[in-house]
Amino acid sequence: MKIIFYIATAILTAIMLYSAQMYIRNPEAVAGYFQNLNYPTYLVYPLAIAKLLGLIAIWSNFSKPIKEWAYAGFFFNLLLAFTAHIVAKDGGELFSIIAFFALITSYFFDKKVRL
C-alpha cells in the first residue's frame, strides 16, 4: 500500500510542480491561458504558491488538518481546471484527469497507510 501511495503522490507532485513552475517562470503565458478559460489573471502567483505549500503539507506529516485542507484544495483546483478545459474545448483536460486520479489514490492510500 505504501508503494501505491508513493507512486500516486509522486505523479501528483510532478504535475503540480510542473504547473507551479510554469506559473512562476512564464506568468504572461499562463495569464493568457487563464483569460481564455475565463479565470482572473491575478490568481497566477497565489495558485503557484498554494500548490507548492499544498505539496509540502501532503509530503510532511506536520499537521493532519493542514494535510486534509491541502488534499481538498487540490481536489477543487483539479475539478475546476478540468471543467474549464472542457468548457474551453482546448484539449487540456488530460493532465487534470491524471492528477485527479493520482490525488484520489494518494488520499485514500494515505488513509490506509496511516491506520
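Residues numbered from 1 in each chain as written. Predicted model: local features only at pLDDT ≥ 70, side-chain atom pairs only at ≥ 80, totals over all residues. Heavy atoms only, no water.

1. Let's talk about the overall build of the protein
Stated formally: Strands are runs of DSSP state E lasting at least two residues, helices are runs of H or I lasting at least four, and both sets are numbered from the N terminus onward. The size measure is the radius of gyration over C-alpha atoms, and the globule rule it meets is 2.2 Å times the number of residues to the 0.38 power. Throughout, exposure labels follow a simple rule: accessible area from a 1.4 Å probe, protein chains only, divided by the maximum for the residue type, with under 20% read as buried, over 50% as exposed, and the rest as partly exposed. Any two residues whose heavy atoms approach within 4.5 Å at even a single point are treated as in contact. For the charge count, each Lys or Arg is scored as positive and each Asp or Glu as negative, with His and the chain ends excluded. By convention, the point assigned to a charge is CZ for Arg, NZ for Lys, CD for Glu and CG for Asp.
Across its full length, the protein holds five helices and zero strands. Going from the N terminus to the C terminus, the protein shows its helices and strands as α-α-α-α-α. Whereas a compact globule of 115 residues would reach a radius of gyration of roughly 13 Å, the protein reaches 14 Å, a difference of no more than 12%. Among the 115 residues that make up the protein, the fraction classed as buried is 31%. Across the protein, the fraction of contacts at a sequence separation of at least 24, relative to all contacts at a separation of at least 6, is 64%. Charged side chains in the protein number 9 positive and 5 negative. The centres of these two groups are separated by 12 Å.

2. A short note on the confidence of the model for the protein
Inclusion rule: A residue's pLDDT is the confidence the predictor assigns to it, expressed on a 0 to 100 scale.
Looking at the protein, pLDDT values average 92 and 99% of them are 70 or higher. Between the elements of the protein, mean pLDDT differs from a low of 88, seen in helix 2 (residues 27–36), to a high of 96, seen in helix 3 (residues 44–59).

3. Some points on the packing of aromatic side chains
Let me state the cut-off plainly: The criterion for an aromatic pair is that two Phe, Tyr or Trp rings (for Trp, the six-membered ring) have centres within 6.5 Å, with stacked assigned to planes under 30 degrees apart, edge-to-face to planes over 60 apart and tilted to the rest.
Scanning all chains against the criterion turns up 10 aromatic pairs. Ring centres of Y23 and F34 lie 5.7 Å apart, and the angle between their planes is 85°; on these two criteria the pair is classed as edge-to-face. One end of the pair, Y23, is in helix 1 (residues 2–25); the other, F34, is in helix 2, and 11 residues separate them in sequence. No difference in accessibility class separates Y23 from F34, as the two residues are buried. Relative to F108, the ring of Y107 lies with its centre 5.2 Å away and its plane at 80°, an arrangement referred to as edge-to-face. Owing to a relative accessible area of 24%, Y107 belongs among the partly exposed residues under this scheme.

4. What about the environment of F95?
Secondary-structure assignment places F95 in helix 5 (residues 93–114). Here F95 falls in the exposed class, since its relative accessible area comes to 55%. Along the backbone, F95 and A81 are 14 residues apart, and their C-alpha atoms lie at a distance of 9.4 Å.

5. Let's talk about the nonpolar core
How we decide: Here, the term nonpolar core denotes a set of buried Ala, Val, Leu, Ile, Met, Phe, Trp, Tyr and Cys residues that are joined through side-chain atoms within 4.5 Å.
One finds L12, M16, I58, F74, L78, A99 and L103 to be the most contacted residues of the largest nonpolar core, which totals 14 residues. Counting residues per element, the ones that place at least two in this core are helix 1, helix 3, helix 4 (64–88) and helix 5. Once residues lying within four places of it in the same chain are set aside, the contact partners of M16 are K51, L55, F74, N77, L78 and A99. Judged by nonpolar contacts, the second largest core, of seven residues, contains A20, A31, V44 and A48.

6. A word on the packing of helix 1 against helix 5
What counts, and what does not: Here, axes are lines fitted to C-alpha atoms. For helices the fit covers the stretch in contact, and angles between N-to-C directions go from 0 to 180 degrees. Take the far helix as the reference: if the near one is turned anticlockwise from it by less than a right angle, the crossing is left-handed, and if turned clockwise, right-handed. Amino acid classes used here: Ala, Val, Leu, Ile, Met, Phe, Trp, Tyr, Cys and Pro are nonpolar; Asp, Glu, Lys and Arg are charged; the rest, including Gly, are polar.
Look at helix 1 against helix 5: their axes get within 8 Å of each other, and the N-to-C directions meet at 145°. Between helix 1 and helix 5 lies a crossing whose hand is left-handed. Contacts from K2, I4, F5, A8, T9, I11, L12, I15 and M16 in helix 1 reach F95, I98, A99, A102, L103, T105, S106, F109, D110, V113 and R114 in helix 5. Among the residues making up the contact of helix 1 with helix 5, the classes are represented as 14 nonpolar, three polar and three charged.

7. As for helix 3
Condition: Given a helix with a known number of residues, its expected span is that number minus one, times 1.5 Å.
Helix length check: helix 3 (16 residues) gives 23 Å between terminal C-alpha atoms against 22 Å at 1.5 Å per residue, within 8%. Restricting attention to buried positions, one finds in helix 3 the residues V44, A48, K51, G54, L55, A57 and I58.

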